[in-house]
Amino acid sequence: MSIRIDSKICIGCGRCHDVCPGTLIKFDCDHRAYIKYPRDCWGCTSCVKECPVSAIRFYLGADIGGQGSMLHTEQEGEILRWIIEHPDGRTTEIQVNRKESNQY
Amino acid sequence: MKKEFLHTDVLIIGGGTAGCWAALTIAEQSDRQVLICEKAHIRRSGCLAAGVNALNAYITEGHTPQDYADYCMHDAAGIAREDLLVTMSERLNSVTRRLEQLGLVILKDAAGNYVSRGWRNIKINGENIKPLLADAVLALDQVTVLNRVNIIDFEVQDNRICGAYGIGIENDTFYVIQADAVIVATGGAAGLYKPNNPGFSRHKMWYPPFNTGAGYAMGIRHGAEMTTFEMRFIALRCKDTIAPTGTLAQGVGARQINSLGEVYEQKYGLTTSERVYGTVNENQEGRGPCFLRTEGISDEQQDSLMKAYLNMAPSQTLKWIETGHGPASQNVEIEGTEPYIVGGHTASGYWVDTGRATTIRGLYAAGDVCGGAPQKYVTGALAEGEIAAESVLHFLLDCDHASIPQEHIDAHLHEIGHFLSDRNTLYTTEQLEEAMQTVMDSYAGGIKTNYRYNAGQLALADEKIRQIEALSDTLHASDFQELMYIYELRERLTVCRSVIAHLAARQETRWHSFAEHLDYPDRDDAHWNVYVNSRMENGEIRVILRDLVTGKGCHYEHQD
C-alpha cells in the first residue's frame, strides 16, 4: 500500500506534503515531492486527491494482492474522476459526484 | 534546535475529529484563546483522513438518546458509563445538523428528512468531512493551529496540568506551551500488536497508524486514572485491504458465511466482538476462509458500492477492479485485524467525570482517548469535544494560572539532547517497534494466538515489554522526525504495559476475542460487573476496581 510520485509531472506545489497524515512526503533538491517512507503509507489517498496535476499514483502492495494497477484522480468541478490504469494499458474510470451521498 | 515559549488559555492536543470540534465550541461560546497542536496537518489528520462511509451514531425518528446508550451498554456487555453515553447521545443530532451546515452532504428523502441505514446510521458523502472541519477551524481568529508539532509530554505540578512540551518535526523546534486548561484529543493507539500484513503494507490497517496512544501514555505516566484497557477493539474487515465490512453487511444485507457457504453469524451472536469471534472460530475449526456473501447483488448495487468505497477506502475498489472480481461476482473475504486500544469503539481510555474532566486537574479528554463511552464514532467524538470544551470554559472561570518552572523545561531539553546526540547504538527504533509487536502478538493475545492469552503469557509479555522499554533509552535520532518516532515507540510501550496489566486483572471472559482469558473462559457477573481502572504509581501499574455507573439520569464526579 503506497504511492508513487512522478517527478516529471510534479510542480512542487507542496500540497501533498501538507495533507499527508503521516508526514511521509518530502522534497528532493529540485523541490519535487517524493515519498520518503513508502512502507509507512496508510493508503488514505489524501495526497492523490490533493495533487493539482495528477502526478501521484496509488497502488496496492504485492503482499496484499496488488497486481500492478495504479489509481489516480482528476477533478472537474464537483466530479471526482477515479482512474485506474491497468498494467496492460487499459484504463477503468469511475466518476463520483462529491455532492451526492453514498447509497449504502 | 530552536526554542519557542507559547502561552494560551486552552491547549488542544490533537486536531482530529474531537479536537477540531472542541475548538469550534470554545470559539462559539467565548473569546478564549485556543492553540491546537497537531502532529500532522489538520486538513487530513486523524481518523477521518480518507473520509468516512456513514454517520453511525444518530438518533432517528421514534428513538431516543437513551435507546442509543442502551445499545452501547449492551454491546459492551455492561462495562460502559451510562452517564457518558447519554450525555453524548443527547448531542448526536445537533452536531449532525451543524456538520451539514459546514457542508457535509447527507442523503435526504423527498420530504427533506435524512435517509437512515438502520435505526442509528445516516447516509452521507464523507470523503471531504475532514477538510470541512479544518476549514471551519482555520477561519477562527482566536484559534491558532500549529501543524507538524508533536506533543511529547504534559507539564503537571501537584496533579494540576500547566501545559505541555512539543517538538516541531519539520522545523527542529522545541516548544514549551503554558496553558490554563488542556483538552487531550490525540485518538487511540494502533501499532501495539503485529499487524495483519507486517511487510511492505504494514500500515494498511483499520485505525490510523499515526495514532500511537500519545494521550494515553502521557496521562498514564503522570498518574491519571485510566479505565477498561482490557477491552481491546478488533475490527472485522475485508481481507488484505482492511476496508470496512459494515457497508456490505448493512448496505446490501451481506451475511457472514464460511467456506461451506453456511451463514454462521447466528451461532455466535451479533455484537461487535461476537462477529469477530465467530470468524476466528470458523477458521480455527477448518471452515475458513470466511466471507461476506455478496455474490448475486445487482450491477447497480455493485456500482454504488464501488463509489461508496472510493469515498472512504479506495483500496477496496482498486482491488475489485484490478482483480476483475467485483462483489457481485465474488464474495468478499473477511478477517479480524490486530487489536487496537480505541475509546471511540470500546470503552478504553481516561477515567473522566460526566463533564469529561480527567483525574488530573485542568485536563479534559474527548474522542478516542476518552474512556467509558464506546460506539462514539464521528458524531459521538464531536459531541464529546463539545462537552469537554464547555467544561473547560466553566473551569477557566475560577482557576489558578499555570506556570512552568525552568528546571522542568531543562529536564526535557536534556532528554531530547540525549536522543539527538551522536552515539553508536545497536538497535533502531524500527527494530524495537517490531520487537514490541512480536511480544504483544505472541504473549498478549494477538492474531498469532487467535486473540487468546493466559496469565503465564501475560507475565512474559510484561517482562519483555519492560526490557524493550529499557532498550529504548539507548535509541538515537538523526533528525526531529526520527525523534518523534522514538517518542511514539515509548508511548506505545507505556500503553502496552497498561494493556497487559488490565488483561491480567479481569479474570473472566466477558467479550470474546476482545479479552479472551483462557484461564477464565467464562463470564463471571458475580465478581466482574465492575470497571477495571488503573493508575501508574512509581513506575508500576496499580489496578483499581470501581462500581458501575449506570441508571437513568446518573452523574459521576471524581471522589478520590
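Worth saying up front: this structure is predicted, and the values here are computed from it rather than measured. (Residues numbered from 1 in each chain as written. Chains lettered and ligands numbered in written order. Predicted model: local features only at pLDDT ≥ 70, side-chain atom pairs only at ≥ 80, totals over all residues. Heavy atoms only, no water.)

Asker: I would appreciate a short explanation of the overall build of chain B in the present structure.
Answerer: Within chain B, the secondary structure is distributed over 17 helices and 20 strands. For chain B, the C-alpha radius of gyration of 23 Å lies close to 24 Å, the compact-globule estimate for 560 residues. Sequence separation of 24 or more characterises 74% of the internal contacts of chain B that already satisfy a separation of 6 or more. Roughly 19,000 Å² of accessible area belongs to chain B as shown, and the carbon and sulfur atoms make up 46% of that amount. Once the 49 positive and 73 negative side-chain charges of chain B are each reduced to a mean point, those two points are 3 Å apart. (Helix = DSSP H or I, 4+ residues; strand = E, 2+ residues; numbered from the N terminus. Rg over C-alpha atoms; globule rule 2.2 N^0.38 Å. Contact = heavy atoms within 4.5 Å. Areas by Shrake-Rupley, 256 points an atom, 1.4 Å probe, with all protein chains shown as cover. Lys, Arg positive; Asp, Glu negative; His and termini not counted. Charge placed at Lys NZ, Arg CZ, Asp CG, Glu CD.)

Asker: Sorry if this is basic, but what is going on with helix α1 (residues 17-29) of chain B here?
Answerer: In an α-helix, one turn spans 3.6 residues; hence positions three or four apart end up facing the same way. All names here are of chain B. Taking 1.5 Å per residue as the helical rise, α1 with its 13 residues ought to reach 18 Å, and the 19 Å between its terminal C-alpha atoms agrees with that figure. Counted residue by residue, α1 has 11 buried out of 13 residues, so it is predominantly covered. Among all positions of α1, only T17, A18, G19, C20, W21, A22, A23, L24, T25, I26 and A27 are buried. (Expected span 1.5 Å × (residues − 1). Buried < 20%, exposed > 50% of the residue type's maximum accessible area, 1.4 Å probe, protein only.)

Asker: How should I be thinking about the packing of aromatic side chains in this particular structure?
Answerer: Here a ring pair, both rings aromatic, is described through the centre-centre distance and the interplanar angle of the planes. All names here are of chain B. Per the counting criterion, the structure on display carries 20 aromatic pairs over all chains. Aromatic pair Y58 and Y114: ring centres 5.5 Å apart, planes at 70°, arrangement edge-to-face. Taken together, the residues Y58 in the loop between β3 (52-55) and α2 (65-75) and Y114 in the loop between β4 (105-106) and β5 (122-126) connect sequence positions 56 residues apart. By relative accessible area, which is 11% here, Y58 ends up buried. (Phe/Tyr/Trp six-rings, centres within 6.5 Å; stacked < 30°, edge-to-face > 60°.)

Asker: Can you help me understand a nonpolar patch on the surface in this one?
Answerer: Together, L426, Y427 and L471 of chain B make up an exposed nonpolar region whose accessible area comes to about 300 Å². Relative to the helices and strands, Y427 of chain B resides in the loop between α13 (406-420) and α14 (429-443). (Patch = residues over 30% accessible without salt bridge, like charges linked within 9 Å, V, L, I, M, F, W, Y side chains within 5 Å. Salt bridge = Lys/Arg side-chain N within 4 Å of Asp/Glu carboxyl O.)

Asker: Help me out: how do you make sense of the pairing of strand β14 (residues 332-336) of chain B in this one?
Answerer: Residue and element names in this part refer to chain B. Within β14, four of the five residues are buried, leaving the element largely enclosed by the surrounding structure. As paired strands, strand β11 (residues 236-238) and β14 are joined by three bridges and run antiparallel to one another. Bridge assignment links L236 to a residue of β14, and that residue is G336. Pairing analysis gives three bridges linking strand β13 (residues 290-292) to β14, with the strands arranged antiparallel. If you follow F291 over to β14, its bridge partner there is E333. (Pairing = 2+ DSSP bridges.)

Asker: I keep staring at the pairing of strand β7 (residues 91-97) of chain A and nothing clicks. Help me out?
Answerer: The side chains of a regular strand alternate, first on one face of the sheet and then on the other. Residue and element names in this part refer to chain A. Pairing geometry for strand β6 (residues 79-85) and β7, over seven bridges, is antiparallel. Counterpart to L80 in the pairing with β7 is V96. Linking two consecutive strands that pair antiparallel, namely β6 and β7, is a turn of five residues; a positive phi of about 95° is found at G89 within it.

Asker: Looking at this structure, I do not really get the pattern of salt bridges. What am I missing?
Answerer: Where charged atoms from two side chains of opposite charge come close, those side chains can pair. Applying the stated criterion to the full structure yields 45 salt bridges over all chains. A salt bridge links E85 of chain A to R57 of chain A; the nearest nitrogen and oxygen atoms lie 2.8 Å apart. Taken together, the positions of E85 of chain A in strand β6 and R57 of chain A in strand β4 (residues 56-59) put the pair 28 residues apart, joining distant regions of the chain. Among the ionic pairs, D473 of chain B bridges to R490 of chain B, the shortest N-O distance being 2.8 Å. Remark: R490 of chain B occurs in helix α16 (residues 480-505) and D473 of chain B occurs in the loop between α15 (455-472) and α16; sequence separation between them is 17 residues.

Asker: I'm lost on the packing of α14 of chain B against α16 of chain B in this one. Help?
Answerer: A pair of packed helices can be characterised by two numbers: the angle between their axes and the separation between those axes. All names here are of chain B. Relative to each other, α14 and α16 sit at 15°, their axes nearing to 10 Å. Relative to α16, the element α14 lies roughly parallel. For the element pair α14 and α16, the recorded crossing hand is left-handed. Residues T429, L432, E433, M436 and M440 of α14 lie in contact with α16, whose contacting residues are Y485, I486, L489, R492, L493, C496, V499 and I500. A breakdown of the residues in the contact of α14 with α16 according to their chemical character gives 10 nonpolar, one polar and two charged. (Axes fitted to C-alpha atoms, helices over the stretch in contact; angles between N-to-C directions. Parallel < 35°, antiparallel > 145°, perpendicular 65-115°, else oblique. Left-handed = near helix turned anticlockwise from the far one by under 90°. Nonpolar A, V, L, I, M, F, W, Y, C, P; charged D, E, K, R; others polar.)

Asker: I would appreciate a short explanation of the sheet that holds β11 of chain B in the present structure.
Answerer: In sheet architecture, strand pairing relies on hydrogen bonds along the backbone and comes in two forms, parallel and antiparallel. What the four strands build is an open sheet, ordered β11-β14-β13-β12 (chain B); its pairing is antiparallel. Because the sheet does not close on itself, it has two edges, and the strands there are β11 and β12 (256-257) of chain B.

Asker: Is there a simple way to explain the packing of α14 of chain B against α15 of chain B in this structure?
Answerer: All names here are of chain B. The contact between α14 and α15 brings their axes to 9 Å, and the two run at 175°. In terms of their interaxial angle, α14 and α15 are classed as roughly antiparallel. Residues L432, A435, M436, V439, M440, S442 and Y443 of α14 lie in contact with α15, whose contacting residues are Q457, L458, L460, A461, K464, I465, I468, L471 and S472. Residue classes in the contact of α14 with α15 are distributed as 12 nonpolar, three polar and one charged.

Asker: Got a minute to help me understand unusual backbone geometry in this structure?
Answerer: Across the chain, the bulk of peptide bonds are trans and the bulk of non-glycine residues have phi less than zero. Note that the residue after G288 of chain B, namely P289 of chain B, is joined by a cis bond; omega there is -5°. With phi around 50°, S54 of chain A is a residue other than glycine that occupies positive phi space. Topologically, S54 of chain A is positioned in the loop between α2 (46-50) and β4. The phi angle at A77 of chain B is positive, at roughly 50°, despite the residue not being glycine. Summarising the element assignment, A77 of chain B is placed in the loop between α2 and α3 (82-89).

Asker: How should I be thinking about α14 of chain B in this particular structure?
Answerer: Residue and element names in this part refer to chain B. Between its terminal C-alpha atoms α14 stretches 21 Å, which fits the 21 Å expected from 15 residues at 1.5 Å a residue. The set of residues buried in α14 consists of T429, L432, E433, M436, Q437, V439, M440, D441 and S442. Summarising the contacts, the buried residues of α14 are in contact with α15 and α16.

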